[in-house]
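Summary of structural features
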Amino acid sequence: MPYTTLISVPELQSLLHSGQPLMVFDCSFDLTQPTLGASQYREAHIPGAFHADLDKHLSARHGAPGAGGTVVASAADEPASGGRHPLPNRERFATWLSDIGFANDMQAVVYDRNGANYCGRLWWMLKWAGHDAVAVLDGGLQAWQAAGGAVASGDEPARFQSHFRLQAPLRRLVSAQEVLAQLGQPGQTVVDARATPRYRGEVEPLDPVAGHIPGALNRPFGLNLGTDGHFKSPEQLRAEFTTLLDGRDPATVVHQCGSGVSALPNLLAMEIAGLGHTALFAGSWSEWCSDPGRPVERG
């Protein structure tokens with residue numbers, strides 16, 4: 001049976017020794033220092049792991065300056081979402097997976113050293129590409145090292161190219177237009193994963209407008225982890241999300257954050273809790289607030 005949500009360190013160690021088709025991804029990153037994740041990877045990573053960089057591999061190209069100072073991109077590079085970290089389209093993502101040697105028969109394991117903040121992006125993107133056999137390493141690189149797991153340094157050898165075939169999406173992506181159309185309706189519950197001061201509009205370090213999508217509930221993504229850096233138990237997560245939703249149907253939830261990255265630990269946590277598959281607004285606040293015609297709430 002494939003691992004589809006979390007995988008523990010002992011389970012990963014067993015997989016590595018089993019010889020089953022497997023690819024491990026180190027997704028370490030830092031928003032304030034975009035080159036830090038790659039440097040940390042070269043210093044120490046799980047042997048054989050490939051570094052998946054948020055900016056280079058898991059986000060679309062923003063394009064090149066065009067006539068009149070506008071930003072344009074070729075049709076092949078057209079992103080699947082807006083925001084500061086736009087999603088690459090599924091075809092471009094599949095090309096990257098093929099280039100690095102990831103195939104449809106492989107189990108994917110993703111991790112970072114950032115509280116599952118960045119590896120959740122690749123976990124969701126693989127589901128969106130129709131690949132169910134992907135799991136987050138619970139506790140990240142810290143748990144691996146605490147268990148005595150070996151680490152490697154430098155870069156890993158390139159793999160032979162594969163041919164990754166897209167399948168029907170297993171997770172739902174929604175646009176800003178779809179969120180706006182359902183605003184205030186019982187069929188949509190927006191959950192904002194940003195820190196509470198940003199959600200309230202008290203501070204805004206990254207985007208031009210402070211505040212949140214009207215009616216959105218706030219659950220900072222770090223609440224999904226215990227003090228040991230592992231995800232809380234399914235029972236505890238279920239209780240916490242049930243309290244947050246306060247009678248709302250979990251199936252109506254649309255997750256967002258600043259740029260579609262830190263929303264994903266919340267989405268994963270709901271699945272761990274047994275609350276089903278929920279949607280992602282990948283453009284998130286950075287796309288929402290870029291249009292002055294969209295409503296904003298503070299407080």
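Our structure is the block above this text.
A short tour of the structure in this document, coming up. A quick note: this is a predicted structure, and the numbers were derived from the prediction, not measured.

**Notes on the pattern of salt bridges**
In the structure shown here, the tally under the stated rule is 13 salt bridges. Across the salt bridge formed by Glu271 and Arg171, the nearest N and O atoms sit 2.8 Å from each other. Separated by 100 residues along the polypeptide, Glu271 in helix α9 (residues 264–272) and Arg171 in the loop between α5 (140–146) and β8 (172–174) bring together distant segments of the chain. We note that Glu271, like Arg171, is buried.

**Here's the deal with the sheet that holds strand β9 (residues 189–192)**
Sheet architecture is open: five strands sit in the order β8-β12-β11-β9-β10, paired in parallel fashion. Each end of this open sheet is capped by a strand with a single partner; those strands are β8 and β10 (217–218). With two bridges connecting them, strand β11 (residues 253–256) and strand β12 (residues 279–281) associate as parallel partners. In the strand pairing of β12, Val254 is matched with Ala279.

**Concerning the sheet that holds strand β1 (residues 6–7)**
The parallel open sheet is built from five strands, whose spatial order is β1-β7-β6-β2-β3. Of all strands in the sheet, those bounded by a partner on one side alone are β1 and β3 (50–51).

**Some remarks on the nonpolar core**
Counting residues in hydrophobic clusters, the biggest one holds 55 residues, and the most contacted among them are Phe25, Trp96, Phe102, Val110, Leu122 and Trp124. Mapped onto this core, the elements with two or more residues apiece are β2 (22–26), α3 (90–99), β6 (107–111), α4 (119–128), β7 (134–137), α8 (234–245) and α9. Broken down by element, the residue count for this core peaks at seven residues, all from α4. If we skip the residues at most four places from it in the chain, Val110 touches Phe25, Cys27, Cys119, Leu122, Trp123, Val134, Ala135, Val136 and Leu137. The next biggest cluster of nonpolar side chains, apart from the first, holds 15 residues, and it includes Ile7, Val24, Ile46 and Ala143.

**Some points on the layout of surface pockets**
Space inside the largest pocket adds up to approximately 310 Å³. Around the largest pocket, the lining comprises 17 residues; the ones closest to its centre are Tyr41, Phe50, His51, Asp155 and Glu156. Contributing elements (two or more residues each) for the lining of the largest pocket: α2 (36–43) and β3. Ranked by residues supplied to the lining of the largest pocket, first place goes to α2 with three residues. Of the residues belonging to the lining of the largest pocket, the class tally is seven nonpolar, three polar and seven charged.

**Quick notes on the packing of aromatic side chains**
Geometry of an aromatic ring pair is reported as the spacing of the ring centres plus the angle between the planes. Enumeration according to the criterion identifies nine aromatic pairs in this entry. Relative to Trp128, the ring of Trp124 has its centre 5.4 Å away and its plane inclined at 20°; by these criteria the two rings are stacked. Taken together, the residues Trp124 and Trp128, both in helix α4 and four residues apart, mark about one turn of the helix. The exposure class assigned to Trp128 is buried, which follows from its relative accessible area of 6%. Aromatic ring contacts, followed pair by pair, group Phe25, Phe50, Phe93, Trp96, Phe102 and Phe164 into a single cluster. The side chain of Arg219 reaches across the aromatic face of Phe241, ending 4.3 Å from its centre. The cationic tip of Arg294 hangs over the ring face of Trp288; the distance from NZ or CZ to the ring centre is 5.7 Å.

What counts and how
- Residues numbered from 1 in each chain as written.
- Predicted model: local features only at pLDDT ≥ 70, side-chain atom pairs only at ≥ 80, totals over all residues.
- Heavy atoms only, no water.
- Salt bridge = Lys/Arg side-chain N within 4 Å of Asp/Glu carboxyl O.
- Helix = DSSP H or I, 4+ residues; strand = E, 2+ residues; numbered from the N terminus.
- Buried < 20%, exposed > 50% of the residue type's maximum accessible area, 1.4 Å probe, protein only.
- Pairing = 2+ DSSP bridges.
- Core = buried A, V, L, I, M, F, W, Y, C linked by side-chain atoms within 4.5 Å.
- Contact = heavy atoms within 4.5 Å.
- 1 Å grid on protein atoms, 1.4 Å probe; cavity = no way out; pocket = protein on both sides within 12 Å on 5 of 7 lines; lining within 4 Å.
- Points joined across faces, edges and corners; volume = space filled by probe spheres on them.
- Nonpolar A, V, L, I, M, F, W, Y, C, P; charged D, E, K, R; others polar.
- Phe/Tyr/Trp six-rings, centres within 6.5 Å; stacked < 30°, edge-to-face > 60°.
- Lys NZ or Arg CZ within 6 Å of the ring centre and 35° of its normal.

From the geometry alone we can't say anything about function, so treat these as descriptive.
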